[in-house]
4 protein chains.
Amino acid sequence: MKVMMRRMTENAAIQPVTAEVQARIRASFERQGLMRHLGACLTDIGQGQVRIKLSASPEVSQQHGYIHAGAAAAIADSAGGYAALTMMPADSEVLTVEYKINFLVPAAGDLEAVGWVLRSGRTLTVCRLEVVSTNGSQRTVVASGQQTLVRVPFQSE
Amino acid sequence: MKVMMRRMTENAAIQPVTAEVQARIRASFERQGLMRHLGACLTDIGQGQVRIKLSASPEVSQQHGYIHAGAAAAIADSAGGYAALTMMPADSEVLTVEYKINFLVPAAGDLEAVGWVLRSGRTLTVCRLEVVSTNGSQRTVVASGQQTLVRVPFQSE
Amino acid sequence: MKVMMRRMTENAAIQPVTAEVQARIRASFERQGLMRHLGACLTDIGQGQVRIKLSASPEVSQQHGYIHAGAAAAIADSAGGYAALTMMPADSEVLTVEYKINFLVPAAGDLEAVGWVLRSGRTLTVCRLEVVSTNGSQRTVVASGQQTLVRVPFQSE
Amino acid sequence: MKVMMRRMTENAAIQPVTAEVQARIRASFERQGLMRHLGACLTDIGQGQVRIKLSASPEVSQQHGYIHAGAAAAIADSAGGYAALTMMPADSEVLTVEYKINFLVPAAGDLEAVGWVLRSGRTLTVCRLEVVSTNGSQRTVVASGQQTLVRVPFQSE
């Protein structure tokens with residue numbers, strides 16, 4: 001099987017976000033019980049691009065010992081959601097409207113999901129999603145997808 | 001917001017599967033570490049249709065206390081996968097090629113995912129996915145999707 | 001190949017729309033140059049459900065003489081768009097945000113696309129799409145999909 | 001509205017295909033009645049990447065004079081299909097299993113669709129799809145999608 005190496009590589013020159021945006025996104029991520037329960041880590045927050053890592057473990061496995069597609073998709077969904085949020089005003093929340101994801105090869109090794117913004121509008125945002133497995137020094141794209149999100153007013157709790 | 005009640009209701013008359021198929025699918029589900037870690041239960045296995053339940057808990061939540069879209073999608077993906085498997089010869093495994101899922105309303109309460117087969121071919125299967133939340137006696141469709149799966153030869157471990 | 005007959009059948013009791021809505025939707029359809037160029041006909045407009053027919057012809061074929069998937073998807077997209085529009089206030093337009101469609105079997109014979117609303121919100125609508133081929137008295141589901149649409153204010157021309 | 005310029009740019013160094021592959025793909029395209037009826041042109045065939053152009057005209061319009069999403073999706077679908085075919089043995093045909101496409105902005109001006117292979121397997125291929133509008137010297141990404149295809153044995157006619 002050939003996996004084309006023409007990756008949709010993220011821009012090398014991602015713009016940083018302000019400390020306020022960093023703090024707001026990290027606080028939101030901390031409140032996602034699922035991400036904590038899976039052991040996911042929010043590793044990078046750039047303007048329009050966010051990365052989340054997930055270590056391989058029995059808790060996120062499917063029946064053959066690979067990482068469950070559902071776990072890979074969950075971190076990709078969160079990465080895209082926070083990437084969208086970096087482009088929005090401070091009083092915004094974001095909801096996933098829908099996503100579509102292809103699983104290209106079974107996910108062996110630890111995973112890194114990246115979500116980046118393709119189109120950022122006033123109401124709707126479209127993100128690309130990619131999940132890469134890292135097995136030693138080798139990086140393989142294991143899943144690729146696309147996501148639509150909607151901005152909603154911030155609801156204080 | 002209006003949610004149309006013209007649901008894609010599953011056939012009332014689902015055919016049962018043999019005890020052998022039941023046992024094979026339950027054994028596979030037991031090996032899915034993610035499903036156990038999330039607390040998901042495989043509740044019904046019919047010919048071409050499978051249901052999986054997930055109780056609301058902090059471990060599967062997103063930042064506002066609803067169930068994380070990633071958890072809802074994960075049980076929907078597994079339900080569709082096992083629905084596909086019920087239609088295949090005994091020496092088969094199934095892999096998710098891709099799915100697409102819309103999140104219609106935030107998922108409050110416990111969830112039930114159902115996957116059912118739209119088209120079952122020699123190589124490829126297409127399933128419909130639906131996730132319903134059950135809040136007391138009220139059932140609300142919270143997510144709706146479509147999934148493509150591929151049959152692969154069984155790999156003994 | 002088995003195609004499961006558990007169709008996502010549309011409700012038998014579709015509510016009619018007002019003459020004003022009928023007229024507004026038919027006028028919009030008439031302005032879609034592509035639909036006219038393909039020879040598509042808008043056959044039914046109900047509350048939250050619209051049907052469009054397309055006859056088989058060399059002008060809509062692919063390389064093996066079947067109807068091109070692109071033509072089937074185009075009428076499905078329009079059917080879903082107008083289904084969404086039936087649920088909206090008179091000063092609304094609708095745009096397709098995205099859709100996903102599976103092609104289940106090659107499309108032989110004439111086609112009928114139906115789009116129906118799953119969830120109708122203030123801003124976003126989600127539709128199911130289905131394309132059926134009619135070969136004599138036999139009806140076969142040839143494509144099945146899901147679509148997201150956004151309401152925008154009417155722009156007079 | 002901001003459209004991120006971090007495009008999933010196609011590789012600058014696309015490998016050429018053999019004259020035999022060129023001829024085979026052009027002959028297949030010529031038999032697609034829909035592409036001819038829409039006025040689409042197959043402009044570039046590289047290894048794992050194909051481009052198709054479509055000029056704006058009333059015949060491919062929607063109700064506001066933009067190019068109909070269905071026409072944009074149809075050329076994207078064909079571009080992806082032929083991109084997949086460039087990676088396959090000579091006795092192969094390819095069928096679209098499914099695609100998902102987001103429409104980012106209304107399509108004004110002429111269109112160019114590009115499909116490129118993300119993952120090429122023995123049975124299944126996954127492509128990225130992109131549609132760009134060219135209005136004078138300005139290029140805008142108007143649609144972005146992802147497609148799954150299946151290889152089938154060549155059926156001589």
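Scope of this entry: the structure provided in the associated data block. (Residues numbered from 1 in each chain as written. Chains lettered and ligands numbered in written order. Predicted model: local features only at pLDDT ≥ 70, side-chain atom pairs only at ≥ 80, totals over all residues. Heavy atoms only, no water.)

## Section: the environment of Leu34 of chain D
Heads up, the condition is: Numbering goes from the N terminus for both helices and strands, where a helix is a DSSP run of H or I of at least four residues and a strand is a run of E of at least two. Buried residues are those whose accessible area, probed at 1.4 Å on protein chains only, stays under 20% of the maximum for their type, while exposed residues exceed 50% and partly exposed ones sit between those limits. The contact rule is simple, with two residues in contact once any of their heavy atoms fall within 4.5 Å.
As for its position among the elements, Leu34 of chain D is in helix α2 (residues 33-38). Since its relative accessible area comes to 1%, Leu34 of chain D is described here as buried. Along the backbone, Leu34 of chain D and Val141 of chain D are 107 residues apart, and their C-alpha atoms lie at a distance of 23 Å. Those residues in contact with Leu34 of chain D that sit more than four places away from it in its chain are Leu38, Pro58, Glu59, Val60, Ser61, His68, Gly70 and Ala71 of chain C together with Ala74 of chain D.

## Observations concerning the relation of the copies chain D and chain C
Each of the two chain copies can be generated from the other by rotation about an axis followed by a shift along it. What counts, and what does not: The copies are overlaid by a least-squares fit using only the C-alpha atoms of residues whose pLDDT is at least 70 in both copies.
The two copies are related by a screw motion: chain D maps onto chain C through a turn of 180 degrees and a shift of 0.0 Å along the axis, at an RMSD of 0.0 Å. Put plainly, the chains are arranged around a two-fold axis. Identified as the residue of chain D closest to the rotation axis by C-alpha distance is Lys100 of chain D, at 2.0 Å. Looking at the interface residues of chain D, 100% of them are also at the interface in chain C, so both copies use one shared face.

## Concerning the interface of chain A and chain B
Applied cut-off: Buried area is a sum: the accessible area each of two parts loses on coming together, probed at 1.4 Å, counted once for each and added. We define a salt bridge as a contact between a side-chain nitrogen of Lys or Arg and a carboxyl oxygen of Asp or Glu at a distance within 4 Å.
Contacts between the two partners involve 34 residues from chain A and, on the opposite side, 34 residues from chain B. Between chain A and chain B lies a buried interface of about 2900 Å² when both sides are counted; carbon and sulfur atoms form 51% of it. The largest share of the area that chain A buries against chain B comes from Leu34, His37 and Gln63 of chain A, three residues that together contribute 22% of it. Connecting chain A to chain B are two salt bridges.

## Structural notes on helix α1 (residues 19-30) of chain B
Residues and elements named next belong to chain B. Quick reminder of the rule: Given the number of residues in a helix, its expected span is that number minus one, multiplied by 1.5 Å. As used here, the arc belongs to the directions running from the helix axis to the C-beta atoms.
In this model, α1 (12 residues) spans 16 Å end to end at C-alpha, consistent with the 16 Å of a helix rising 1.5 Å per residue. Of the positions making up α1, those classed as buried are Val21, Arg24, Ile25, Ser28 and Phe29. Looking straight down α1, one finds its buried side chains confined to an arc of 135 degrees; they lie on one side. Facing away from the buried side of α1 by over 90 degrees, the exposed positions are Ala19 and Glu30. Those residues of α1 that are buried are in contact with α2 (33-38), β2 (41-46), β3 (49-54), α3 (69-85) and β4 (92-103).

## A few points about the interface of chain D and chain C
We count it as follows: Counted as a polar contact is a pair of N or O atoms within 3.5 Å, where, for protein atoms, one must be capable of donating a hydrogen and the other of accepting one, and residues adjacent in sequence contribute only when both atoms are in side chains. Under the grouping applied here, Gly and all other residues not named as nonpolar or charged are polar, the nonpolar ones being Ala, Val, Leu, Ile, Met, Phe, Trp, Tyr, Cys and Pro and the charged ones Asp, Glu, Lys and Arg. Any two strands with at least two DSSP bridges between them are considered paired.
With 34 residues of chain D at the contact, the number on the chain C side is 34 residues. Of the roughly 2900 Å² buried at the junction of chain D and chain C (both faces included), carbon and sulfur atoms supply 51%. Considering only the side of chain D, the residues that lose the most area to chain C are Leu34, His37 and Gln63 of chain D, jointly responsible for 22% of the buried surface there. Between chain D and chain C we count two salt bridges in total. A salt bridge links Glu98 of chain D to Lys100 of chain C; the nearest nitrogen and oxygen atoms lie 2.7 Å apart. On inspection of chain D and its partner chain C, the count reaches 22 residue pairs in polar contact (both at pLDDT 80 or more). Listed by contribution, the elements that provide at least two residues to the side of chain D that touches chain C are α2, α3 (69-85) and β4 (92-103) of chain D. Top contributing element to the side of chain D that touches chain C by residue count: β4 of chain D, with nine residues. Its residues placed into classes, the side of chain D that touches chain C shows 14 nonpolar, 13 polar and seven charged. Where strand β4 (residues 92-103) of chain C lies against β4 of chain D, five bridges are found, and the strand directions are antiparallel. Note on β4 of chain D: the bridge partner recorded for Asn102 of chain C is Glu98 of chain D.

No statement about biological role is implied by the geometric values presented.
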